Structure formats: C-alpha cells, structure tokens
Amino acid sequence: MASQEIETLTAALSRLPGLGPRSARRAVLWLIKRRETALVQLLDALGAVREALVECRTCGNVDTTDPCGICADVRRDARSICVVEEVADLWALDRARLFTGKYHVLGGRLSALDGIRPEDLAIDTLLARVSQGKVDEVLLAMNATLEGQTTAHYLAERLEGFPVRVTQLAHGLPVGGELDYLDEGTLAQAIRARRPVA
C-alpha cells in the first residue's frame, strides 16, 4: 500500500462531495503521475485561495475580496436581491446568468428538527439591507423542500412591513421532464401553479 502521507491525501479527497475512496485514489494517482505540473498547480491554487478566502460582509458570498465581485459590480441591479440558502445556490443561479441583481446568502434554512432558528441565519442583515429603502424586489430562491418553503414563508412574513415586492422562484415541471418520472409533490406544485396558455 501507499505511504501514510498518500493515504492521508486520499482520505482527505474522499471526503469531498462526489468522491468516494476509489475515485479519490484514482485522483491521487493521477496527481502523482503529474506531480511536476498538475500537483504543483493544485497546491498553489489551494494555498492562494486559503490565504485570500473571505466572506462578503454584504451578501455572505465566499470570494477573495470583500465586498465580493458580485456586490462590487456596478452593472448589477442593486434594487433587486435574490435570497438563497447557501453559497452553492448563489453560484448555481449566477452561472445561469439570468438574474442581474444582487444576492443574499442566509447560510442555511429554518429547521425545527436540526434546531436551526431564525437567529441562526443571516435574516437580520437581509432586513437591514432592505430597510435602507433602495430595494424594490426580494426574490426568494429557496429550495423546494419543506424547510426551504418554511424559510421562504417566514421571510415573506418578515418582509411584509417593507415597501418591496416579494417574489419566489416558480416550481413545477422541469424543461424536458416526462410526467411519468416526476414525483407527486412536483406534479402537485405544477398543477397548482398552472397558468393560461397565451
């Protein structure tokens, strides 16, 4: 077998999402074969990110600058804020390039079972941003789970006192989805959210 250092690297990689022990072992072997190029580049990149990584005090995004690149971008519409549960959700939405406003990361979702309460999330900072009076719309982009929808409902109630339009992502049928493969919850939401054909 490999040395303790290589086993430690393999174990560390296997804890990454989507990598099990076998995939991590293959990645380590690939890196070892290319240690002068790929391994050095990976180590340099990891070191640089480790040194520069910060959480944006405005929105909660993770970047190497504060404010983050999204908050600092003057081309973005500051009157519209998209609220997401996690940084991964922000990155997924921003990668689609369909939302041109700013974001706000809650850092999770309400969950009685997990003991996550409103004060555990970045709700007060969201309300502080909205209370400045420069926001017209708050888009609630919560996941379509019980906890996500509970969080969206709670936020909608908290935002009622502000002169903002509160919107939510549409839920229902995915593009290209076949009815036979969809679960009952998705079908029910699609039927409830039906609209006239133009």
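Our subject in this report is the structure included herewith. Just so it is clear, the model here is predicted, and its values are computed rather than measured. (Residues numbered from 1 in each chain as written. Predicted model: local features only at pLDDT ≥ 70, side-chain atom pairs only at ≥ 80, totals over all residues. Heavy atoms only, no water.)

Brief notes about the packing of helix H2 (residues 21–33) against helix H3 (residues 35–52)
Phase 1: At their nearest, the axes of H2 and H3 sit 6 Å apart, and the two run at 120° to each other. When the interaxial angle is binned, H2 and H3 end up oblique. Facing Trp30, Leu31, Ile32 and Lys33 of H2, the residues of H3 in contact are Arg35, Ala38, Leu39 and Leu42.
Phase 2: Partitioning the contact of H2 with H3 into residue classes produces six nonpolar, no polar and two charged. (Axes fitted to C-alpha atoms, helices over the stretch in contact; angles between N-to-C directions. Helix = DSSP H or I, 4+ residues; strand = E, 2+ residues; numbered from the N terminus. Parallel < 35°, antiparallel > 145°, perpendicular 65-115°, else oblique. Contact = heavy atoms within 4.5 Å. Nonpolar A, V, L, I, M, F, W, Y, C, P; charged D, E, K, R; others polar.)

Digging into the nonpolar core
The nonpolar side chains of a soluble globular protein tend to be buried with one another.
Phase 1: Judged by nonpolar contacts, the single largest core of 17 residues is most densely connected at Val83, Leu106, Val138 and Leu155.
Phase 2: At the level of secondary structure, the elements contributing two or more residues to this core comprise strand E3 (77–84), helix H6 (123–131), strand E5 (137–140) and helix H7 (146–159).
Phase 3: Excluding its chain neighbours within four sequence positions, the residues that come into contact with leucine 155 are Val83, Leu106, Ile123, Leu126, Leu140 and Met142.
Phase 4: In terms of nonpolar packing, the next biggest core, distinct from the first, is built from 14 residues, Ile70, Val87, Leu90 and Val105 among them. (Core = buried A, V, L, I, M, F, W, Y, C linked by side-chain atoms within 4.5 Å. Buried < 20%, exposed > 50% of the residue type's maximum accessible area, 1.4 Å probe, protein only.)

Observations regarding the side chain of glutamate 137
Phase 1: Structurally, the position occupied by glutamate 137 is in strand E5.
Phase 2: For glutamate 137, a relative accessible area of 17% puts it in the buried group.
Phase 3: A distance of 3.2 Å separates a polar atom in the side chain of glutamate 137 from a polar atom in the side chain of serine 80.
Phase 4: At 2.7 Å, the side chain of glutamate 137 and the side chain of threonine 167 are in polar contact. (Polar contact = N/O pair within 3.5 Å; in protein donor to acceptor, adjacent residues only side chain to side chain.)

What to know about the sheet that holds strand E6 (residues 165–168)
Phase 1: If you walk across this open sheet you meet the four strands as E4-E3-E5-E6, and the pairing is parallel. One side of each edge strand has no neighbouring strand; the edge strands of this open sheet are strand E4 (101–105) and E6. Sheet twist, expressed as the mean angle between neighbouring strand axes with direction ignored, is 25°.
Phase 2: Here E5 pairs with E6 via four bridges, running parallel. When the bridges of E6 are listed, leucine 140 appears paired with glutamine 168.
Phase 3: This element, H6, spans E3, E4 and E5 of the sheet and lies at about 150° to E4. (Pairing = 2+ DSSP bridges.)

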